[in-house]
Amino acid sequence: MTTPRHCSLTEAIAEFVEDGMCVALEGFTHLIPFAAGHEIIRQRRRDLHLVRMTPDLVYDQMIGMGCARKLSFSWGGNPGVGSLHRLRDAVERGWPQPLQLDEHSHAGMAAAFCAGAARLPFGLLRGYQDNDLAAHNPRIRHVHCPFSGERIAAVPALNPDVTILHAQQADRQGNVAIHGIVGAAREAALAARTLLVTVEEIVDALPPAMNGIVLPWWVVAAVVACPGGAYPSYAQGHYARDNAFYQHWDEIARDRQRFLAWIDRHVLGTTDHRGFLDSLHREAA
Amino acid sequence: MSDCTRDEWMTVVAARMLRDRCVCFVGIGLPSAACNLARLTHAPDIVLIYESGTIGARPQVLPLSIGDGELAETASCVVPLPELFNYYLQAGRVDVGFLGAAQIDRHGNLNSTVIGPYGAPSTRLPGAGGAPEIALHARETFVMLKATPRSFVERLDFRTTAGHCRAASVPSRNNAGREGVARAPRDESSHGPSAVITDFGVLTPRADSGELSLSGLFGDASVAEARAAVGWPLGVADQLEPIAPPSAFELETLRGLQARTRAAYALPVSIPA
């Protein structure tokens, strides 16, 4: 088993994320790896197939900057606020480029990640019943139970080339601990060929797991210390979700030029996540 | 109470539909306010589940997202998402699903995907999220939806979540053949809403056809207003159910919850140092 690399986020994205790859940045509302998404924008990755149950602001930004050709997802809004305007612009007007959709329900995405983690070809669920999703997505099909004959929905496994998570802690060996809302983080991590993790802090010893999720060092390719790496989402026990930023994003993302100026100033105009947070601090001051 | 808003009527009347100790899968926005109002009034032991995996959440302020830290901190347990959808929802351990949507048709089918054709939409909406399977597996579904000219429609642009009757949306390449059964009798195995709470009152499905018809009006709302707001020829129950206005206690509790929520959202932004 390979020991996880301890490196900078710049090095990790440069080494593991290539143009055209299938990449999943998971974290369900909580622990969204914003720092990694921003670094992918800085390194100008192109033609990515992005996978995420809830694209959230991080994919709105990546799609708006032309990183993506395809999106697998199940709910693409700004939670409690409204639309993801960059996602909408890509789907409705092909700006900055057309975006192919592989659209599911949450239950369907969960089944696809579980199958991927187990290296099974497809996942099963009682779902997609009497609705139009399957009619528009040829990857949603049905099988018959070999025992009862029951008709059950099937979705192909999701196996990203790279999954990126943000977590609270890792130890020096590279074991990763997550607590709080975990979403499909574990399944997305174990479904991937390569797993990168950014963490709030690297510690000598992890606390007892208490049913929190621990990903063992030998499934992790690289661990990056990146405090604040989930901001403006949150890291339970470290900082809260910046709901005001999510509300503010609505007006930033509504306008192409304003969006580009924001990215230019805070993401492309900074060299790393520390610089990004400092830049927001300066603007708030 | 004559000085309450239609939003308050909606939230209070929706909250009353929830029984104490029921297990309720909560949609964000209006449903979340109604479900928490129920918990803070007549249903202290209701089990609220948000799709982030927070089970038994007791938030002090209304969450902006379905995964705010407030939900995790006050939940009796936080489970991984595949566990929630497989072992709780699909396994039949949820009594009520409380949903919103962008569009609804006369049979309670919901659209939260697109306005216009799927391949070239005029408005791309957020999409399904948990709704199709929540409606399918919860024992009962309620829907809250504000009445705008685009929300209660004769025909959905896309059917995201099935209601009481098959085939209601604009025909697409794979279901064009079903169009002819749009007025078919109510599908007995269907999982459509047992009530739709909107600005002017409550719609419920007719026992024979599953078609939503007006069953109750709020305060000063009229049948004419309801008919004008709905995009299909709205049926009206022979006898409209009287709906008691929000009580002082209900309104005080709701307004307190919303004031706490506003105060929490106004706290200074905390960008990590």
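On a predicted model such as this, the values are computed, not experimentally measured, just so you know.

Definitions and limits used
- Residues numbered from 1 in each chain as written.
- Chains lettered and ligands numbered in written order.
- Predicted model: local features only at pLDDT ≥ 70, side-chain atom pairs only at ≥ 80, totals over all residues.
- Heavy atoms only, no water.
- Helix = DSSP H or I, 4+ residues; strand = E, 2+ residues; numbered from the N terminus.
- Rg over C-alpha atoms; globule rule 2.2 N^0.38 Å.
- Buried < 20%, exposed > 50% of the residue type's maximum accessible area, 1.4 Å probe, protein only.
- Core = buried A, V, L, I, M, F, W, Y, C linked by side-chain atoms within 4.5 Å.
- Contact = heavy atoms within 4.5 Å.
- Pairing = 2+ DSSP bridges.
- Axes fitted to C-alpha atoms, helices over the stretch in contact; angles between N-to-C directions.
- Domains from an automatic or database assignment.
- Buried area = accessible area lost by both parts, 1.4 Å probe.
- Salt bridge = Lys/Arg side-chain N within 4 Å of Asp/Glu carboxyl O.

**Concerning the overall build of chain A**
Argument step 1. Of regular secondary structure, chain A possesses ten helices and 15 strands.
Argument step 2. Scaling as 2.2 N^0.38, a compact globule of 285 residues should have a C-alpha radius of gyration of about 19 Å, and chain A matches this with 19 Å.
Argument step 3. If one aligns the C-alpha atoms of chain A with their principal axes, the spans along those axes are about 65 × 50 × 30 Å.
Argument step 4. Per-residue burial for chain A yields a buried fraction of 62% across its 285 residues.

**Regarding the nonpolar core**
Argument step 1. The biggest cluster of nonpolar side chains holds 89 residues, and the ones touching the most others in it are Leu18, Cys24, Phe98 and Leu203 of chain B.
Argument step 2. When residues no more than four places from it in sequence are discounted, the contact partners of Phe98 of chain B are Ala14, Leu18, Cys24, Phe25, Val26, Gly27, Pro31, Cys35, Phe142, Met144 and Ile197 of chain B.
Argument step 3. Residues Cys67, Val91, Ala222 and Ile252 of chain A belong to the second largest nonpolar core, which totals 72 residues.

**Thoughts on the sheet that holds strand β11 (residues 195-197) of chain B**
Residues and elements named next belong to chain B.
Argument step 1. The strand order across the open sheet formed by ten strands is β4-β3-β2-β1-β5-β10-β11-β12-β13-β14, and the pairing between neighbours is mixed. Lying at the two open borders of the sheet, with one neighbouring strand each, are β4 (77-78) and β14 (235-241).
Argument step 2. Alignment of strand β2 (residues 47-50) against strand β3 (residues 54-55), held across two bridges, turns out to be antiparallel. The residue of β3 that forms the bridge with Tyr50 is Thr54.

**Description of the sheet that holds strand β10 (residues 151-156) of chain A**
Residues and elements named next belong to chain A.
Argument step 1. Across the sheet, which stays open at both edges, the three strands sit in the order β8-β10-β9 with antiparallel pairing between neighbours. For this open sheet the edge positions go to β8 (122-125) and β9 (141-144), each flanked by a neighbour on one side alone. On average, adjacent strands in this sheet sit at an angle of 45° to one another, irrespective of strand direction.
Argument step 2. Both β9 and β10 contribute to a ladder of four bridges, which runs antiparallel. Within β10, the residue paired with His142 across the bridge is Ala153.
Argument step 3. Running over the sheet, helix α5 (residues 106-117) touches β8 and β10 and is turned about 140° from β8.

**Structural notes on the pairing of strand β11 (residues 162-171) of chain A**
All names here are of chain A.
Argument step 1. Of all ten residues that make up β11, ten are buried, and the element is covered over most of its length.
Argument step 2. Judged from the three bridges that link them, strand β2 (residues 22-25) and β11 form a sheet pairing that is parallel. Among the inter-strand pairings, Ala24 is bridged to a residue of β11, identified as Thr163.
Argument step 3. Bridging between β11 and strand β13 (residues 194-203) involves nine bridges; their strand directions are parallel.

**Looking at the domain arrangement of chain A**
Argument step 1. In terms of domain boundaries, chain A breaks down into domain 1 (5-104 + 159-284) and domain 2 (120-156).
Argument step 2. The straight-line distance from the C-alpha centre of domain 1 of chain A to that of domain 2 of chain A is 30 Å.

**Examining the interface of chain B and chain A**
Argument step 1. Taken together, the 50 residues of chain B in the interface contact 56 residues of chain A.
Argument step 2. Across the interface of chain B and chain A, roughly 4,600 Å² is buried in total on both sides, 60% from carbon and sulfur atoms.
Argument step 3. Linking chain B with chain A are two salt bridges.
Argument step 4. A salt bridge links Glu103 of chain A to Arg124 of chain B, with the nearest nitrogen and oxygen atoms 2.6 Å apart.

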